[in-house]
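This is what each chain is made of:
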Amino acid sequence: MPGIDECLMEAMTLPGARGASLVDWNSGLALGTAGESPVGDHETTAAETAELARAAAEFDSFTAPGDEPESTPADGGAPPVEDLIVTTRAGYHVLRFVRTSFDSSVFLHLWLDRDTGNLALARMRLGDLAERLVLG
């Protein structure tokens, strides 16, 4: 089972990967980074993506009837959203929420080049990485 650095390095092997990070969406801090940042600074990217993740995880509009988790992030459960995909003219941003034994407030962020990235593969592999990630 990979730790943070191993997980991010594995994410960077995906076709078109430009940057990856593990972010705490409560604080907006990057717990680990690899590769480039879209704005040249991983901490700025982490803070900005955390805002998006927090909105998706906390607003009821993103939860369809029947999708409600048995518990919420506030009580240690997983957010109702599995992942978010943001497309830009130059790339894709995939945010995959990670279930943890504590507060489940972290997500993997992968930035892909639009021309060389494979969005479907990235989504599947990030899901696998999120399940195997060991946070100590």
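Look a little higher up for the structure.
Notes on the structure in this doc start here.

Definitions and limits used
Residues numbered from 1 in each chain as written. Predicted model: local features only at pLDDT ≥ 70, side-chain atom pairs only at ≥ 80, totals over all residues. Heavy atoms only, no water. Helix = DSSP H or I, 4+ residues; strand = E, 2+ residues; numbered from the N terminus. Polar contact = N/O pair within 3.5 Å; in protein donor to acceptor, adjacent residues only side chain to side chain. Contact = heavy atoms within 4.5 Å. Phe/Tyr/Trp six-rings, centres within 6.5 Å; stacked < 30°, edge-to-face > 60°. Buried < 20%, exposed > 50% of the residue type's maximum accessible area, 1.4 Å probe, protein only. Pairing = 2+ DSSP bridges. Axes fitted to C-alpha atoms, helices over the stretch in contact; angles between N-to-C directions. Core = buried A, V, L, I, M, F, W, Y, C linked by side-chain atoms within 4.5 Å. Arc of directions from axis to C-beta. Salt bridge = Lys/Arg side-chain N within 4 Å of Asp/Glu carboxyl O.

1. Comments concerning the side chain of Ser 37
- Among the structural elements, Ser 37 can be located in the loop between strand 2 (29-35) and helix 2 (42-58).
- Among the polar contacts listed, one links the side chain of Ser 37 to the backbone oxygen of Asp 41, at a separation of 3.0 Å.
- Those residues in contact with Ser 37 that lie beyond four places of it in its chain are His 42, Thr 45 and Trp 111.

2. Some details on the packing of aromatic side chains
- Scanning the model with the defined rule gives two aromatic pairs in all.
- Look at Trp 25 and Phe 97: their rings are 6.4 Å apart centre to centre, the planes differ by 85 degrees, and that puts the pair in the edge-to-face class. A residue pair is termed long-range when its members are at least 10 positions apart, and Trp 25 in the loop between strand 1 (17-24) and strand 2 and Phe 97 in strand 4 (residues 91-98) qualify at 72 residues.
- On the basis of relative accessibility, which here comes to 2%, the residue Trp 25 falls in the buried class.
- According to the relative accessible area criterion, Phe 97 is buried, its value standing at 7%.
- Ring geometry for Phe 97 against Phe 107: centres 6.2 Å apart, planes inclined by 55 degrees, an arrangement best described as tilted.

3. Observations regarding the sheet that holds strand 3 (residues 83-87)
- Read from one edge to the other, the open sheet built from five strands follows the order 2-1-5-4-3, with strand pairing classed as antiparallel. Two strands lie at the open edges of the sheet, namely strand 2 and strand 3, each paired on one side alone. The sheet shows a mean angle of 15 degrees between the axes of neighbouring strands, direction not considered.
- Note that strand 3 and strand 4 share five bridges and pair antiparallel. In the sheet register, Asp 83 faces strand 4, and the bridge partner there is Arg 96.

4. Digging into the pairing of strand 2
- Alignment of strand 1 against strand 2, held across six bridges, turns out to be antiparallel. Of the residues in strand 2, the one forming a bridge with Gly 19 is Gly 35.
- Turn length for the strand 1-strand 2 hairpin, with the two strands adjacent in sequence and antiparallel, is four residues, and the turn residue Gly 28 shows positive phi of about 80 degrees.

5. Overview of the nonpolar core
- Ranked by internal contacts, the top residues of the largest apolar core, which has 20 residues, are Val 98, Leu 108, Leu 110 and Leu 126.
- Going through the elements one at a time, helix 1 (4-11), strand 1, strand 4, strand 5 (106-113) and helix 3 (119-132) are the ones with two or more residues in this core.
- Those residues in contact with Val 98 that lie beyond four places of it in its chain are Leu 22, Ser 104, Val 106, Phe 107, Leu 108, Ala 130 and Leu 133.

6. Here we look at helix 1
- Of the positions making up helix 1, those classed as buried are Cys 7, Leu 8 and Ala 11. For helix 1, the angular spread of the buried residues around the axis is 95 degrees, confining them to a single face. Of the residues in helix 1, the exposed ones pointing more than 90 degrees away from the buried face are Asp 5 and Met 9.
- Packing partners of the buried residues in helix 1 comprise strand 1, strand 2, strand 5 and helix 3.

7. A closer look at the pattern of salt bridges
- A complete count under the given rule lists seven salt bridges for this structure.
- For the salt bridge of Arg 18 with Glu 36, the shortest nitrogen-to-oxygen distance reads 3.1 Å. With Arg 18 in strand 1 and Glu 36 in the loop between strand 2 and helix 2, the pair connects residues that are 18 residues apart, well separated along the chain.
- With a shortest N-O distance of 3.0 Å, Asp 128 and Arg 132 are connected by a salt bridge.

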